[in-house]
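Observations on the three-dimensional arrangement
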Amino acid sequence: MAGRRVVILLRKVRYMKNLVILALGAATLFAADFVAEGDRWWAHIQFLADDSLQGRETGSDGYREAVKYVAGKMETFGLKPAGTSGYLQQVKFETRQLVDEESSITIAREGGEEVLDRLDATQSTRADLAPAAEAAMVFVGYGLRVPEAKYDDLAGVDLRGKIAVYVNSTGALDAPGPVKSHVGTAAERWTLLKAAGAIGTATIMNPRTPAGAAGGRGGRGAAPAGAPAATDAADAAGGRGAGGRGPQKAFLLADPELQESVGQKVAIAITRRGGDKFFAGSGHTMDEIMKLAAENQPLPKFPLVGTLRTKATVKREMVEAPNVAGVLPGSDPKLKDEYVIMSAHLDHVGVGRAINGDTVYNGAMDDASGIATILEIARIMKDSGAKPKRSILFLAVAGEEKGELGSRYFASRPTVDRKHIVADINLDMFMPLFELKTIEVQGLAESTLGDTIREAANEFEVKVQADKEPDQNRFIRSDQYSFIRDGVPSLAFKFGYEFGTPEDKIFHDWIRDRYHKPSDDLNQPVNKASAAKFNRIIASLLLRVADNPARPQWKDDSFFKRFAK
Ligand SMILES: [Zn+2]
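What you are looking at is a predicted structure, and each value in this text was computed from that prediction instead of being measured. (Residues numbered from 1 in each chain as written. Predicted model: local features only at pLDDT ≥ 70, side-chain atom pairs only at ≥ 80, totals over all residues. Heavy atoms only, no water.)

Things to note about the overall build of the chain
Stated precisely, the cut-off is as follows: Counting from the N terminus, the helices are DSSP H or I runs at least four residues long and the strands are E runs at least two residues long. Burial status follows relative accessibility: with a 1.4 Å probe on protein chains alone, a residue under 20% of its type maximum counts as buried, one over 50% as exposed, and anything between as partly exposed. The contact definition used throughout considers only heavy atoms, calling two residues in contact when any of these lie within 4.5 Å. Working definition of accessibility: Shrake-Rupley area with a 1.4 Å probe, residue cover restricted to the visible protein chains.
Helix and strand content of the chain: 14 helices and 22 strands. Burial status across the chain gives 59% buried among its 565 residues. Within the chain, contacts between residues separated by at least 24 positions form 81% of all contacts whose residues are at least 6 apart in sequence. Summed over all atoms, the accessible surface of the chain reaches about 21,900 Å², with 53% contributed by carbon and sulfur.

Structure, rendered in structure tokens:
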């Protein structure tokens, strides 16, 4: 009994504190009851992360149910349809699956041919695998060329007609986190290596990546703790989906103009065991290379001995799954034609290998939480009668877990004039697992949006911090990156914390225990009231961006400014 009274008292205090903060600060929005709003937010997650939606894999029945739900709520909350057919923008995907028994990797050297198995190396169907290929190999260190950092692994290396073998890390490159993230993506690397004449790649996983991390993820957006390596390694494995049940389907956008591995006839991920088979006879060993890479040391470049031969039979299918888009039209006669995008991904990784008897990968935090927030913000704006000057476009995308594909499609084929997209505010796993004191902002220093989120957070007496773990590549690991590459200033967020605190432990325990596992479900402790407060801050950010006479701008010293049109 006593315990219960204490709880009620604490609740009351928390509730009053919340109201006080709002009375002090929030001019733009109604005073909020964070407890009630947290419950509203959670109700969306309860629907989307229910077992009946089967983990919302792109193209599945569960995903279609989620689409219906989101489109329905967008309508309820007064958003106008902003797809190509009502609220939907249909996206066509091509799936590719390796036919194992008709595919092989061998290394031919004097005296014979060595056949490699799955424990040595695997082929990635994200590439344009040739039915048969044969080429010499060159080890090119980290395989990077970044002129502004005066860094070049390819200097003096002849890659013409060859396979570029590299350690999938940005290792010895000394550059800001977002730059490393960008140049370390599979797509950027392939663009560079292709231009240097390579016909394919073979990648060695970053030794700093935790064991097994490359397994369960579909693509770049899905890279686990331990990217950069995992980005490519997961790509290279062809995306083993939630289950790790052997070779699964890789997803690509069906539109050939949006495929990023054109011309890549060979794409191999090399395991630690396989590494020594590639290095044999070169005078170098896997241990030596891994030791240097683990310390981010410069790596030697040298030709490998022998000829790599690959055979690949790929089974292709078409899959459709829509993005969902609704707009709150702007009120200013001129600015209403400009759009602030509020995005999150609707898909998750589906059904897979059982963990503790559970096969449904519910994706409650990843990213039903982000979808719930965009719906709750739409609701807040409707109920508060918000009249933003610019239009706010709420976007739920498909295919994030397959490599940020739905957002890439929308950014490249937007349903509104692409020149008029002024910003993307993206939410992916913002991790409301403890009290909100600090917001961690990815891309904080890159554009004027960083200043705007400071103002919005300040209004709620919440601090702002920059990305604390730039090596995790979070700035490019979700859908905002599709917009950044198209020149649009963007931000993404996490609940912030200081290293060494209980919050630090909660965050990292979650990554270890629940990330892309069936336990990211409805039975986990979540701080709903803090999520509601976060939602209010993001709503305030959106309104500030929508109402500012000036469009958001990249900072002059931002690496990403180069993409601005
Ligand atoms: Zn995910």
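More follows now that the structure is in view.
Section: the coordination of the zinc ion
Tetrahedral coordination by four donors places them ideally at 109.5 degrees to one another around the metal; octahedral coordination by six donors ideally gives 90 or 180 degrees. Rule in force here: Distances up to 2.8 Å from the metal define which N, O and S atoms are donors, and 3.2 Å serves for Na, K and Ca; water is absent from the atom set, so sites may look incomplete.
Coordination of the zinc ion by the protein involves Asp366 (OD), Asp366 (OD), Glu401 (OE), Glu401 (OE) and His516 (NE2), with metal-donor separations of 1.9 to 2.8 Å. If you list the donors of the zinc ion from N- to C-terminus, the spacing comes out as D-x34-E-x114-H. In this pair, Asp366 sits in helix α9 (residues 364–383) while Glu401 sits in the loop between β18 (391–397) and α10 (405–412), placing the two residues 35 residues apart along the sequence. Residues Asp366 and Glu401 agree in their burial class; the two are buried.

So, the packing of aromatic side chains
The line we're drawing: Between the rings of Phe, Tyr and Trp (Trp by its six-membered ring), a pair exists once the centres lie within 6.5 Å; its type follows the angle of the planes, with under 30 degrees stacked, over 60 edge-to-face, and the other angles tilted. Consider the ring centre and the ring normal. A charge sits over the ring if Lys NZ or Arg CZ is within 6 Å of that centre and within 35 degrees of that normal.
Under the defined criterion, the tally for this structure stands at 22 aromatic pairs. With centroids separated by 6.2 Å and ring planes inclined at 75°, the aromatic side chains of Phe493 and Phe534 adopt a geometry described as edge-to-face. Here the residue Phe493 occupies a position in strand β22 (residues 490–495), and Phe534 occupies one in helix α14 (residues 528–547), the gap between them amounting to 41 residues. Phe534 matches Phe493 in its accessibility class, with the two residues each being buried. Here Phe495 and Phe534 contribute two aromatic rings whose centre-to-centre distance is 5.7 Å and whose plane-to-plane angle is 40°, an arrangement assigned as tilted. Here Phe495 is found in strand β22, whereas its partner Phe534 is found in helix α14, with 39 residues between them in sequence. Under the relative-accessibility criterion, Phe534 is labelled buried at 0%. In this structure an aromatic cluster arises from ring pairing among Trp41, Trp42, Phe430, Phe434, Phe493, Phe495, Tyr497, Phe499, Phe507 and Phe534. Of note, Lys468 hangs over the ring of Tyr497, and the distance from its end group to the ring centre comes to 3.8 Å. Looking at Arg562, its charged tip hangs above the ring of Phe559, at a distance of 3.7 Å from the centre.

Comments concerning the pattern of salt bridges
Put simply, the rule is: By definition here, a salt bridge exists when the distance from a side-chain nitrogen of Lys or Arg to a carboxyl oxygen of Asp or Glu is within 4 Å.
In this structure the tally under the stated criterion is 41 salt bridges. Salt-bridge contacts for Lys92 lead to Glu320; the nearest nitrogen and oxygen are separated by 3.5 Å. Of the two residues, Lys92 is situated in strand β2 (residues 88–98) and Glu320 in strand β14 (residues 314–328); the sequence distance between them amounts to 228 residues. Here Glu320 falls in the partly exposed class, since its relative accessible area comes to 39%. The residue Asp417 makes a salt bridge to Lys419 at a minimum N-O spacing of 3.6 Å. Under the relative-accessibility criterion, Lys419 is labelled exposed at 57%.

Focus on the sheet that holds strand β6 (residues 132–139)
Threshold: Pairing between strands requires that DSSP locate at least two bridges from one strand to the other. In this description, a line fitted to the C-alpha atoms serves as the axis of each element, helices being fitted only across the stretch in contact, and the angle between N-to-C directions of two axes falls anywhere from 0 to 180 degrees.
Here we have 8 strands laid out as an open sheet, ordered β4-β3-β13-β6-β9-β10-β12-β5, and mixed in their pairing. What marks the edges here is a single partner per strand, and that holds for β4 (112–116) and β5 (121–123). Direction aside, the axes of adjacent strands within the sheet are offset by 30° on average. In terms of strand pairing, strand β9 (residues 163–168) meets strand β10 (residues 200–205) through 6 bridges, oriented parallel. What sits directly across from Val167, in β10, is Ile204. Against the sheet, helix α5 (residues 186–195) contacts β9 and β10, and its axis sits at roughly 150° relative to β9. Along the sheet face, helix α7 (residues 272–279) touches β3 (104–109), β4, β5, β6, β10, β12 (266–270) and β13 (302–311) and points at about 120° away from the line of β12.

Quick notes on the packing of helix α3 (residues 61–76) against α9
What counts, and what does not: What sets the label is the angle itself: under 35 degrees gives roughly parallel, over 145 gives roughly antiparallel, 65 to 115 gives roughly perpendicular, and the rest give oblique. Crossing chirality is assigned from the near helix's rotation relative to the far helix, an anticlockwise turn below a right angle marking it left-handed and a clockwise turn marking it right-handed. Residue polarity is assigned by list, with Asp, Glu, Lys and Arg as charged and Ala, Val, Leu, Ile, Met, Phe, Trp, Tyr, Cys and Pro as nonpolar; anything else, Gly included, falls into the polar class.
Where α3 meets α9, the axes come as close as 9 Å, and the angle between the chain directions of the two elements is 15°. Here α3 is positioned roughly parallel relative to α9, judged by the angle of their axes. Both α3 and α9 take part in a crossing whose hand is left-handed. On α9, the residues touching Tyr69, Val70, Lys73, Met74 and Thr76 of α3 are Ile371, Leu375 and Lys382. The residue inventory of the contact of α3 with α9, partitioned by class, reads 5 nonpolar, 1 polar and 2 charged.

A short note on α7
We apply this condition: What the arc covers is the set of directions going from the helix axis to the C-beta atoms.
By the burial criterion, the buried members of α7 are Gly274, Gly275, Phe278 and Phe279. The arc that holds the buried residues of α7, viewed along the axis, is 135°, so those residues lie on one side. One or two steps after α7, the chain reaches Gly281, where phi turns positive at roughly 85°.

Digging into the pairing of strand β15 (residues 339–345)
Buried residues dominate β15, accounting for 7 of its 7 residues. Going residue by residue along β15, you find Tyr339, Ile341, Ser343 and His345 tucked away on one face and Val340, Met342 and Ala344 tucked away on the opposite face as well. Examined bridge by bridge, β15 and β18 share 7 bridges and lie parallel to one another. Following the sheet pairing, Tyr339 is matched in β18 by Ser391. Examined bridge by bridge, β15 and strand β19 (residues 421–427) share 6 bridges and lie parallel to one another. When the bridges of β19 are listed, Ser343 appears paired with Asn426.

A few points about the pairing of strand β20 (residues 438–442)
Of all 5 residues making up β20, 5 are buried, and the element is well covered by its neighbours. Residues Thr438, Glu440 and Gln442 line one face of β20 and the alternating positions Ile439 and Val441 line the opposite face, and both faces are buried. Bridging between β20 and strand β21 (residues 463–466) involves 4 bridges; their strand directions are parallel. Paired with Glu440 across the strands is Gln465, a residue of β21.

Let's talk about the nonpolar core
Rules: Within this scheme, the nonpolar core is defined by two criteria: the residues are buried Ala, Val, Leu, Ile, Met, Phe, Trp, Tyr or Cys, and they are joined through side-chain atoms within 4.5 Å.
If you look at the biggest cluster of nonpolar residues, it comprises 89 residues, and the most contacted ones within it are Leu346, Met381, Phe394, Ile425 and Phe493. Looking at which element gives the most residues to this core, the answer is α14, with 12 residues. With residues up to four places along the chain from it excluded, the contact list for Leu346 reads Leu48, Arg56, Tyr63, Ala66, Val67, Val70, Val324, Ile371, Ala396 and Val397. Formed by 44 residues, the second largest nonpolar core is a distinct cluster that contains Met137, Val183, Phe278 and Ala293.

Overview of α14
Put simply, the rule is: One less than the number of residues in a helix, times 1.5 Å, gives the span that helix is expected to have.
For α14, built from 20 residues, the straight-helix expectation of 28 Å at 1.5 Å per residue is met to within 8% by its first-to-last C-alpha distance of 28 Å. Most of α14 is tucked away, with 17 of its 20 residues classed as buried.

A closer look at the confidence of the model for the chain
Detailed conclusions should not be drawn from predicted coordinates in areas where pLDDT is low. Which entries qualify depends on this criterion: pLDDT is a residue-level measure of predictor confidence that goes from 0 to 100.
The predicted model of the chain averages 88 in pLDDT, with 88% of residues at 70 or higher. pLDDT under 50 marks residues 1–30. Its contacts with residues more than four places away, or in other chains, come to 28 contacts. Every residue in residues 211–246 is under pLDDT 50, and counting partners more than four places away or in other chains gives 127 contacts.

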